[in-house]
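A closer look at the structure
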Amino acid sequence: MEFGCVIIINSVLLLLVSDSDSHEIKIKDFSESEIYLDSMQLISKSKYPVEKHFVTTEDGYVLTLFRIPGQGPPVLLVHGIGDSSDSWLVLGPNKSLAYRLADNQFDVWLFNSRGNKYSKKHINKISQKKYWDFSFEEMGSKDLPATIDYILSKTSQSKLSYVGFSQGTTIFFVLCSMRPSYNDKIKQAILLAPVATINNIQSPLISLYANIYDKLTFLAEAGVNEVFPSNLLVSTYHAKVCNLRSPLRFFCGLEYYLNFGLKELERLPDSRLPIITSHIPAGGSAKTFLHFLQGYVFKSFCRYNYGVKKNIAVYNSSTPPVYDLSSISAPVTLVVSESDWISTIKDARLIQNNLKNVVRNMVINTTLDFTHLEFVYGERVNSVINDPIIKLMKSF
């Protein structure tokens, strides 16, 4: 789970007046690089075949999928909160999981949840308020079923493999608990940094958000619909500041430490750092972030809490129902790090204890100090994550 950081606003202002080369952002400096390329362009630039597909959900949202076609079995990669399909590509062919899987002949599909920069369309003309009235529940109960059915139809397969990171694990839990028939469509689920209960999250910002939960809820209800959207200015800011040679790299380091517990920017590949950070964030709904925050405030992995009155109208109960992890029957591999602030080892044990078909539980020892972002973006991602995943998937 990832939270945005308000210090970015001050950092952008500092950048505008403190750039060592000039007093303005020179976007053209990066126009030829991968910083501004979308998923399709990134894949093409890396000389892999690529397809773009559109999937319409039962409630009318239009999702964009990217595919690196292969002769092997299909695998679906599902990104974290406020992120996109870019996350599986920005490390380049040598380290990004999408390319590594493609090199091993898998048929790779990249998911984009409703509301991120690739999936912002709806088949009907609806208000912004209505469009953004979704959380991770709709991603799990509507986006994933439509996506899985589409992929299985296109590939003439009965099952696919699933790899989710952070929120990508959360919506898997929602899918398989609320739509249990989809358990039979999952050959295997590899869940990186799983997030359900977040009772023990260690982010220093979580207490701040919890203390102003009522105010944040009021803002969302008052019309703050989208949060942390993809933005050219923010992308350029990250490209300039998230560089180990930048005199302003302190601001990048502080942002990523407070949000993700990343103690050193060097944990991310030096040459790819501006590319990685310029593709984050990709946007999401305020309701999604509030739904995660509710998990911490109310200490429960349950459906969205509207308050007693509306809960009774929506759920026929004063409290929202809990997602029943024990109803999940798909084979699951959990990959957890003892040094992860977001998906903590204590919360992961709660998940493991409630799932009935955990075939593997891989724990990354604290001696590696392997943090949340490193599951997808880390310098050590091949040896710690990708190689074991590929070996595991080949065994199936």
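Up top is the structure.
Residues numbered from 1 in each chain as written. Predicted model: local features only at pLDDT ≥ 70, side-chain atom pairs only at ≥ 80, totals over all residues. Heavy atoms only, no water.

Re the packing of aromatic side chains
- Here the structure, examined in full by the defined rule, presents 24 aromatic pairs.
- On the numbers, 6.3 Å between centres and 20° between planes, the contact of Phe136 with Phe301 is stacked. Separated by 165 residues along the polypeptide, Phe136 in helix 5 (residues 136-155) and Phe301 in the loop between helix 12 (286-297) and helix 13 (308-315) bring together distant segments of the chain.
- Note on Phe136: relative accessible area 2%, which makes it buried.
- With a centroid separation of 5.1 Å and an interplanar angle of 70°, the aromatic rings of Tyr257 and Trp341 are classed as edge-to-face. (Phe/Tyr/Trp six-rings, centres within 6.5 Å; stacked < 30°, edge-to-face > 60°. Helix = DSSP H or I, 4+ residues; strand = E, 2+ residues; numbered from the N terminus. Buried < 20%, exposed > 50% of the residue type's maximum accessible area, 1.4 Å probe, protein only.)

Some details on the layout of surface pockets
- Each pocket or cavity is described by its volume, and for the second largest pocket that value is around 470 Å³.
- The wall of the second largest pocket is formed by 19 residues, among which Thr217, Ala220, Glu221, Lys287 and Tyr304 lie closest to the centre.
- Going through the elements one at a time, helix 8 (213-222) and helix 12 are the ones with two or more residues in the lining of the second largest pocket.
- Here the element with the most residues in the lining of the second largest pocket is helix 8; it accounts for 5 residues.
- Residue composition of the lining of the second largest pocket, by class: 8 nonpolar, 5 polar and 6 charged. (1 Å grid on protein atoms, 1.4 Å probe; cavity = no way out; pocket = protein on both sides within 12 Å on 5 of 7 lines; lining within 4 Å. Points joined across faces, edges and corners; volume = space filled by probe spheres on them. Nonpolar A, V, L, I, M, F, W, Y, C, P; charged D, E, K, R; others polar.)

Concerning the pattern of salt bridges
- Inspection of every chain in the model, using the stated rule, returns 19 salt bridges.
- Of the charged contacts, one joins Arg67 and Glu51 as a salt bridge, the two residues approaching to 3.2 Å between their closest N and O atoms. Linking Arg67 in strand 2 (residues 61-68) with Glu51 in strand 1 (residues 51-56), this pair joins segments that are 16 residues apart in sequence.
- Two residues, Glu137 and Arg303, come together in a salt bridge whose shortest N-O distance is 2.8 Å. With a gap of 166 residues between them, Glu137 in helix 5 and Arg303 in the loop between helix 12 and helix 13 connect regions that are remote in the sequence.
- For Glu137, a relative accessible area of 8% puts it in the buried group.
- Each of Lys263, Glu264, Arg267, Asp369, Glu374 and Arg380 takes part in a single network of salt bridges with overlapping partners. (Salt bridge = Lys/Arg side-chain N within 4 Å of Asp/Glu carboxyl O.)

Overview of the state of the cysteines
- Here the structure, examined in full by the defined rule, presents 1 disulfide.
- In this model Cys242 forms its disulfide with Cys252; the gap between the sulfur atoms is 2.1 Å. On the sign convention where negative is left-handed, the bridge of Cys242 and Cys252, at about 105° about the S-S bond, is right-handed. Within this pair, whereas Cys242 is found in the loop between helix 9 (232-241) and helix 10 (249-260), its partner Cys252 is found in helix 10, the two being separated by 10 residues in sequence. This pair shows no difference in class: Cys242 is buried, exactly as Cys252 is.
- Cysteine Cys176 remains unbridged, with the sulfur of Cys302 as its closest cysteine sulfur at 19 Å.
- Among the residues examined, Cys302 registers a relative accessible area of 10% and is labelled buried. (Disulfide = S-S within 2.5 Å.)

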